[in-house]
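# Fold and contact review
What follows is the residue order along each chain.
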Amino acid sequence: MDREQHLPHLAIGDVAVLEGDGSRLEREDVFPCPSWAEGIPAPVDADGNVVPLTTRTLYDGDSHEISVMEYALIYSKHTGVPVWRVRRSDGMIFMLSLFHLERPDTWERVEADIMAMAHEDCVCYYFGVDADTPCSACPSVKIKGSCPVNVARDVFRRAKALAGRGAND
């Protein structure tokens, strides 16, 4: 007989102890195909991206790295719905929806990218490569236009995004 037939109804996070030999059956054995169960919200960041629970680095609104120690899904008595929380490495607990999976852009990052390019007097540095990198390995090669034009377009796009304006504004 299949051992899953012996199990009572399990919820995500439950651990079943099988009678007799006392062995433990972890939830990965019960739910072999990882998916979000009905009624359980996926863990999402401030941008709406699903955050894998193995993620150990998130970013705050100022683009600072946050070291994550654990995730927890709790039922909020205040809102009446389940809420994902993260425990930082310093022990502080915050709502996951306050953080970003990807580092948010900031005016300081735009300035640093431009200054790296200006310091070396080479547009390659804006794209995170040095002058010795072959053009075929540069991210700019995938974009129509010359490198200086692509830098100008990207700085303009980033500035509009940071100013809260749309691409067509």
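These notes cover the structure that comes with them. (Residues numbered from 1 in each chain as written. Predicted model: local features only at pLDDT ≥ 70, side-chain atom pairs only at ≥ 80, totals over all residues. Heavy atoms only, no water.)

Glancing now at the overall build of the protein chain. Secondary structure assignment for the protein chain yields three helices and six strands. Written out in order from the N terminus, the α and β elements of the protein chain read β-β-α-β-β-β-β-α-α. Taking as baseline every contact in the protein chain between residues at least 6 positions apart, the subset at least 24 positions apart corresponds to 38%. Accessible surface computed for the protein chain: about 11900 Å², of which carbon and sulfur atoms make up 54%. (Helix = DSSP H or I, 4+ residues; strand = E, 2+ residues; numbered from the N terminus. Contact = heavy atoms within 4.5 Å. Areas by Shrake-Rupley, 256 points an atom, 1.4 Å probe, with all protein chains shown as cover.)

This part covers the packing of aromatic side chains. A full pass over the atoms with the stated rule returns two aromatic pairs. Taking the centre distance of 5.8 Å and the plane angle of 90° together, the rings of Phe94 and Phe99 count as edge-to-face. When the centroid spacing of 5.3 Å and the interplanar angle of 90° are considered together, the rings of Tyr126 and Phe127 count as edge-to-face. The class of Tyr126 is buried, set by a relative accessible area of 7%. (Phe/Tyr/Trp six-rings, centres within 6.5 Å; stacked < 30°, edge-to-face > 60°. Buried < 20%, exposed > 50% of the residue type's maximum accessible area, 1.4 Å probe, protein only.)

Bringing the sheet that holds strand 6 (residues 93-95) into the picture now. Strands sit in the order 3-4-5-6 across an open sheet of four strands; the sheet is antiparallel. Both edges of this open sheet fall to strand 3 (57-59) and strand 6, since each of them pairs with a single strand only. Strand-to-strand twist in this sheet, taken as the mean axis angle between neighbours without regard to direction, amounts to 55°. Note that strand 3 and strand 4 (residues 65-75) share three bridges and pair antiparallel. Looking at the pairing, Tyr59 lines up with Glu65 of strand 4. (Pairing = 2+ DSSP bridges. Axes fitted to C-alpha atoms, helices over the stretch in contact; angles between N-to-C directions.)

These results come straight from atomic positions and should not be treated as a statement about function.
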